[in-house]
Amino acid sequence: MSSAREPQLVQALEGIPLAKIAAGGSHSMAVSLSGSVYSWGKNAFGQLGLGHTEDRFLPTYVNALEHKKTVFVSCGGEHTAVLSKDGLVCTFGAGCHGQLGHNSTCNELYPRFVAELFGARVSQVACGRWHTLVYVPDLEDVYSFGSGSEGQLGNRSKSDQLIPLPIKLRKKGRRFNQEASASKEQIKVIAGDNQSIVISLKEKNSYANLNQALARVGEEETDKWVSNLDPNQWQNIKRNIKLIFSLTACLNGSFLKKSQDEHFRTSQEAAGINMSALLLFSDKMAKNPKVLTGVMDAVKKLVQSLNSSATSPEALRVFVIIPIIIRTQDLCSDSPLKQLARAIQFLQPEGKQTLESLWSNLDFPFFKDLVDNYQRLSSIMLSSFIKQRGSLKPEYLTEVISWPFQILQMLYKVNCRTGFRIQEKNFYVPEVKEMLLLPKFNPTQNIEQVQEIFMSKFNEIKFALRVFTQIPCVLDMEAKIQLHDLNRCFLYFEYSWPYFGVFTEVSVSRQNLVQDTWMFLRSMQDINFQHFLKVCFYGEPGIDDGGLSQEFFTILTRELCAPEAQIFRHFEESHLIWFSSQVPAQEDIYFLIGNIFGMALYNMKIAAFPFPLALFKKMVDIPLTLEDLKELCPIEGRCLQALLDEQYDDIIESMMLDFTVMKEERGSKVSVELKENGANIPVMKYNRTEYVDAYVNYVFNDSIKEQFNDFMRGFVRGSPTKHWNMFFPAELRVVLLGRTEYNWERLEENAKYNGYEKSDETIRNFWVVFHGLPEEKKMDFLAFLTGTNRVPSQGMESFVFTIEDAGKENPDLWYPEASTCLHSLSLPRYSSQDVLQEMFLFVLEHYEKFGLA
């Protein structure tokens, strides 16, 4: 390594509030205010305390000294000594002369307490080239150990000393330490190359108190700032504010927890910040606009220069402190919070992970404030972008606007991991939906219209997809559906260029629907799935504008889920299905079903396979639990829960369970071990949780591994959009399976009329008949009208349909008809309510024959 002739900034330590630094023969050490120790340089003898002998060219955190309350460090030629606040001494490195004090000449790769000093509260330590000195004020003695070749141990000998022994110092006939004690003077020990110096100071100069040299915010100082009305003192106050709030280390060294030395326990689990003191400081600043302005000006400059390579908890405290300091300020597009978001984005992955850990250990109110502030900032910035979208390049969305959004996504992940239970709606940014209100693509438009729409909005669509698909937490389900629609239209545009109006057409017969579909899917190329689907039923004149394809998915799903199809495992109590653990008759059946599932999502249709939430969790890699098994199979779930709740060992033993499960295979049941040698491992109280976890894992994972993998391969093929996993599992289930919550009064409220008035007798009769139907018939009407008896994912509140006058000369001779594509009901003007009821009920009994597509 080349030498440096001028001082160089040690960037790896930037932002860490240091209390002490020391340099040895070829290595260096640093100690922070909270006792974190860093080492770098030569390490041939383990003098860096890292457990090995590899040199380090950058400051490296000494894990072995974590939480040891280190306040001082001294470096020798090839060894190191550290001192804790409790007066304990650790040494490590070269021990060839006994300079480590362990009654040995062995080297130590890890910090090791000097046992001979146990019980003695050391206040000072100093390392020479091959020897070490310590001072114990309670005993008023200086101890030495190590090389004595030049008499540096002060024991009138030139031999080495392997353990600490007191030095007999004399001054004009009296012991040196007695003289110092009598005069209340302080002893200071200094170790040179081969020399030792002990001097008496008239003023207290304990190494353990050197941390006062760092400028920091204190309660008394804060009170002076706020209450000082003397204009002559303002310049001094202003300089102090600028000094503290323009240096990361000063800010990180402020607001430390002092009670019971809590800040010495700083780690990824605890920032060591006194949040109450920080909150009090913020409130006090708000009362003095002059001081507040000075603080804000300094903070604005500070956030622009934060160290992106910071990874230690102490260096990252600033990211927790600043949002609280500025909490009383109005958020705007140039808020320091925006620049702080930018700085977080430029942190290294390790730094981001540490910051997320610090966030996860905040008290709930502080974490909630953090979420609220970044949510409001995201909303403000996106609103500003939307207003200026004509004058701003789309790249601005990814380069600037996305910063606070990315922080919200990080906070959302922390919220999920820690169980803070902040509701998802607190992360939503409503303005996103406005951003996504772009001209919608309609496949029926001519080429010129499509080109004009998409070429004018191409970049905006591109950047909106890039940004918002990466931060799904800011999207409610409606916005995600909008984004999914944009994404699939964008892909259709990309794959179909320049030949618009290209569709994947499937022709099937109702009588042989499943086999026709399998034949079609097996013959399809991957590119066919990138086009929108159109369905034609043999012998039927309907043109598919969405209704026929929905009916296709509805009928196909019904036939595949029928018990006689023997494809799925059915659970009677929950009315749900799951993959069969048996090898299916058709090897590619689950791959093909995955195709169907994916095609339904890509074409925004409902495929109401009655799967549990567990499937959608698996699809997005969320671990499954006993709660998922309770939904799928309530009986098994309750039994396993009872096992977990049982308090008595003998009752658990009486269940005679072991780590096996029964599996049906070719008509007979076989035993499958849940772990190695599971048949010989009884389930007891101590291992019952392991058993339940293994049982759940077997049901949802191990027993259907190949089946699920085939399903996912098919799903990805059927839905070429890459961002479907932005949906939460519950949302994905609703989008694919539809809703089963019905509000028939809202259906009536949302109805529109063409050729009718709401007050017309036929309309009034219709709603009387409809509301008098049993629930099942009402659901049949929904299927007659839309192709499925499920409510679309937006809910009944957003569902609109039209009742139009059929315009028939002899209305009592005609049945109602429906257009599933247009969601319209063609209703003749029947002469009476009885006629309307008779004709309407007949249609609901045979509704699949009365559609107009």
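The structure displayed is predicted, hence computed values, not measured ones.

Colleague: Mind showing me how you'd approach the overall build of the protein chain here?
Modeller: Helix and strand content of the protein chain: 28 helices and 26 strands. Against the compact-globule benchmark of 29 Å for 853 residues, the protein chain has a radius of gyration of 37 Å, which places it well outside the compact range. Per-residue burial over the protein chain gives 51% buried out of 853 residues. Relative to all contacts within the protein chain whose residues are 6 or more apart in sequence, the contacts with residues 24 or more apart total 65%. Of the roughly 40,900 Å² of accessible surface on the protein chain, 48% is carried by carbon and sulfur atoms.

Colleague: I tried to follow the sheet that holds strand S10 (residues 131-136) on my own but got confused; where do I start?
Modeller: Backbone hydrogen bonds are what pair the strands of a sheet, in a parallel or an antiparallel way. Strand order in this open sheet of four strands is S9-S10-S11-S12, and the pairing throughout is antiparallel. Two strands close off the open sheet at either side, each with one partner strand: strand S9 (124-127) and strand S12 (161-166). Between one strand axis and the next, the sheet turns by 15 degrees as a mean value, whatever way the strands run. Relative to strand S11 (residues 141-146), S10 runs antiparallel, the two being bridged by six bridges. Residue pairing for S11: tyrosine 135 is matched across the bridge by valine 142.

Colleague: Explanation requested: the pairing of strand S15 (residues 186-191) in the structure shown.
Modeller: Side-chain alternation along S15 places Ile187, Val189 and Ala191 on a buried face and Gln186, Lys188 and Ile190 on a face that remains uncovered. Here S15 pairs with strand S16 (residues 196-201) via six bridges, running antiparallel. Residue pairing for S16: alanine 191 is matched across the bridge by serine 196. A loop of four residues connects S15 with S16, the two strands running antiparallel in sequence.

Colleague: Would you mind showing me how to read the packing of helix H27 (residues 775-786) against helix H28 (residues 833-845) here?
Modeller: Axis angle and axis distance: for two packed helices, these are the angle between their axes and the distance between the axes, and together they describe the pair. With their axes 9 Å apart at the nearest point, H27 and H28 run at an angle of 75 degrees to one another. If you check the angle between H27 and H28, you find them roughly perpendicular. Residue-level inspection shows Lys777, Asp780, Phe781 and Phe784 of H27 in contact with H28, the latter providing Phe840, Val843, Leu844 and Glu845. Looking at the contact of H27 with H28 residue by residue, the class counts come to five nonpolar, no polar and three charged.

Colleague: Sorry, what's going on with empty space enclosed by the protein here?
Modeller: Gaps between atoms show up when a probe of the same size as a water molecule is rolled over them. Taken as a whole and assessed by the stated rule, the structure comprises nine cavities of 30 Å³ or more. What lines the largest cavity is simply Val320, Pro323, Ile324, Arg327, Leu362, Phe366, Asp369, Leu370 and Asn373. Of all elements in the fold, only helix H7 (318-325) and helix H10 (364-387) reach the threshold of two or more residues within the lining of the largest cavity. Here the lining of the largest cavity gets four residues from one element, more than from any other, and that element is H10. Its residues placed into classes, the lining of the largest cavity shows six nonpolar, one polar and two charged.

Colleague: I tried to follow the side chain of glutamine 482 on my own but got confused; where do I start?
Modeller: Topologically, glutamine 482 is positioned in helix H14 (residues 477-496). Given the relative accessible area of 15%, glutamine 482 is considered buried. In this structure glutamine 482 touches Lys433, Leu436 and Leu437, once residues within four positions along its chain are discounted.

Colleague: When you look at the nonpolar core in this model, what are you seeing that I'm missing?
Modeller: One broad trend across soluble globular proteins is that nonpolar side chains are buried collectively. Among the nonpolar cores identified, the biggest contains 178 residues, and Phe245, Trp359, Leu382, Phe468, Phe597 and Phe609 are the most heavily contacted of them. When residues in this core are grouped by element, the largest group, eleven residues, is from helix H11 (residues 395-418). For leucine 382, the residues in contact, after removing those within four places along its chain, are Leu397, Ile401, Phe405, Val429, Glu431, Val432, Met435 and Phe468. Of all hydrophobic cores here, the second largest spans 30 residues; its members include Ala751, Leu785, Met796 and Ile803.

Colleague: Whenever I open this one, the environment of alanine 565 confuses me. Can you help?
Modeller: With respect to the secondary-structure elements, alanine 565 resides in the loop between helix H16 (547-560) and strand S19 (568-571). Separated by 85 residues in sequence, alanine 565 and aspartate 650 have C-alpha atoms that sit 44 Å apart. With near-sequence residues (within four places) excluded, alanine 565 lies in contact with Glu559 and Leu560.

Colleague: Is there a simple way to explain the confidence of the model for the protein chain in this structure?
Modeller: Any residue range with low pLDDT should be treated as having predicted coordinates unsuitable for detailed reading. Averaged over every residue, the pLDDT of the protein chain is 88; the share at 70 or more is 91%. Counting contacts from residues 205-211, a segment whose pLDDT is below 50, to residues more than four positions away or on other chains yields 13 contacts.

Colleague: Whenever I open this one, a nonpolar patch on the surface confuses me. Can you help?
Modeller: A cluster of nonpolar side chains, Ile190, Ile197 and Ile199, forms an exposed patch at the surface whose accessible area comes to about 210 Å². By the secondary structure assignment, isoleucine 197 is in strand S16.

Colleague: Would you mind showing me how to read the pattern of salt bridges here?
Modeller: Summed over all chains, the structure comprises 30 salt bridges. As a salt-bridge pair, arginine 713 and aspartate 710 come within 3.1 Å of each other at their nearest N and O atoms. Residue arginine 713 and its partner aspartate 710 are both found in helix H23 (residues 705-718); the two are separated by three residues, about one turn of the helix. Counted as one network, the salt bridges with shared partners bring together Lys433, Asp476 and Glu478.

Colleague: Is there a simple way to explain the packing of aromatic side chains in this structure?
Modeller: Aromatic rings in a pair are described by how distant their centres are and how their planes are angled relative to each other. Considering all chains together, one arrives at 45 aromatic pairs under this definition. Aromatic pair tryptophan 578 and phenylalanine 579: ring centres 5.2 Å apart, planes at 70 degrees, arrangement edge-to-face. Pair check on accessibility: tryptophan 578 and phenylalanine 579 agree, each one buried. A ring pair is formed by phenylalanine 597 and phenylalanine 609, whose centres lie 5.5 Å apart and whose planes are at 75 degrees; its orientation type is edge-to-face. Here phenylalanine 609 lies in the loop between helix H17 (589-602) and helix H18 (613-619) and phenylalanine 597 lies in helix H17, a separation of twelve residues in the sequence. The cationic tip of lysine 778 hangs over the ring face of phenylalanine 770; the distance from NZ or CZ to the ring centre is 5.9 Å. Sitting above the plane of the tryptophan 814 ring, lysine 808 keeps its charged end 4.1 Å from the centroid.

Colleague: Any chance you could explain the side chain of threonine 721 here in plain terms?
Modeller: Among the secondary structure elements, threonine 721 is positioned in the loop between H23 and helix H24 (729-737). Overall, threonine 721 belongs to the buried group, its relative accessible area being 2%. In terms of polar contacts, threonine 721 uses its side chain to reach the side chain of serine 719, at 3.1 Å. Those residues within four positions of threonine 721 in sequence are excluded, and the remaining contacts are His484, Asn487, Arg488, Leu491 and Tyr602.

Colleague: Looking at this structure, how should I read the state of the cysteines?
Modeller: Here, disulfide denotes a covalent bond that connects the sulfur atoms of two cysteines. Enumeration over the complete set of coordinates arrives at zero disulfides. Here cysteine 821 stays unpaired: no disulfide links it, and the sulfur of cysteine 536, its closest cysteine neighbor, is 12 Å away. With relative accessibility at 19%, the residue cysteine 821 sits in the buried group.

Colleague: Looking at this structure, I do not really get the packing of helix H2 (residues 219-227) against helix H5 (residues 275-286). What am I missing?
Modeller: For the pair H2 and H5, interaxial distance at closest approach is 10 Å and the crossing angle is 10 degrees. As far as their axial angle goes, H5 and H2 are roughly parallel. Contacts between H2 and H5 involve Glu219, Thr222, Asp223, Trp225 and Val226 from the former and Phe281, Lys284 and Met285 from the latter. Among the residues making up the contact of H2 with H5, the classes are represented as four nonpolar, one polar and three charged.

Calculation notes
Residues numbered from 1 in each chain as written. Predicted model: local features only at pLDDT ≥ 70, side-chain atom pairs only at ≥ 80, totals over all residues. Heavy atoms only, no water. Helix = DSSP H or I, 4+ residues; strand = E, 2+ residues; numbered from the N terminus. Rg over C-alpha atoms; globule rule 2.2 N^0.38 Å. Buried < 20%, exposed > 50% of the residue type's maximum accessible area, 1.4 Å probe, protein only. Contact = heavy atoms within 4.5 Å. Areas by Shrake-Rupley, 256 points an atom, 1.4 Å probe, with all protein chains shown as cover. Pairing = 2+ DSSP bridges. Axes fitted to C-alpha atoms, helices over the stretch in contact; angles between N-to-C directions. Parallel < 35°, antiparallel > 145°, perpendicular 65-115°, else oblique. Nonpolar A, V, L, I, M, F, W, Y, C, P; charged D, E, K, R; others polar. 1 Å grid on protein atoms, 1.4 Å probe; cavity = no way out; pocket = protein on both sides within 12 Å on 5 of 7 lines; lining within 4 Å. Points joined across faces, edges and corners; volume = space filled by probe spheres on them. Core = buried A, V, L, I, M, F, W, Y, C linked by side-chain atoms within 4.5 Å. pLDDT = per-residue confidence, 0-100. Patch = residues over 30% accessible without salt bridge, like charges linked within 9 Å, V, L, I, M, F, W, Y side chains within 5 Å. Salt bridge = Lys/Arg side-chain N within 4 Å of Asp/Glu carboxyl O. Phe/Tyr/Trp six-rings, centres within 6.5 Å; stacked < 30°, edge-to-face > 60°. Lys NZ or Arg CZ within 6 Å of the ring centre and 35° of its normal. Polar contact = N/O pair within 3.5 Å; in protein donor to acceptor, adjacent residues only side chain to side chain. Disulfide = S-S within 2.5 Å.

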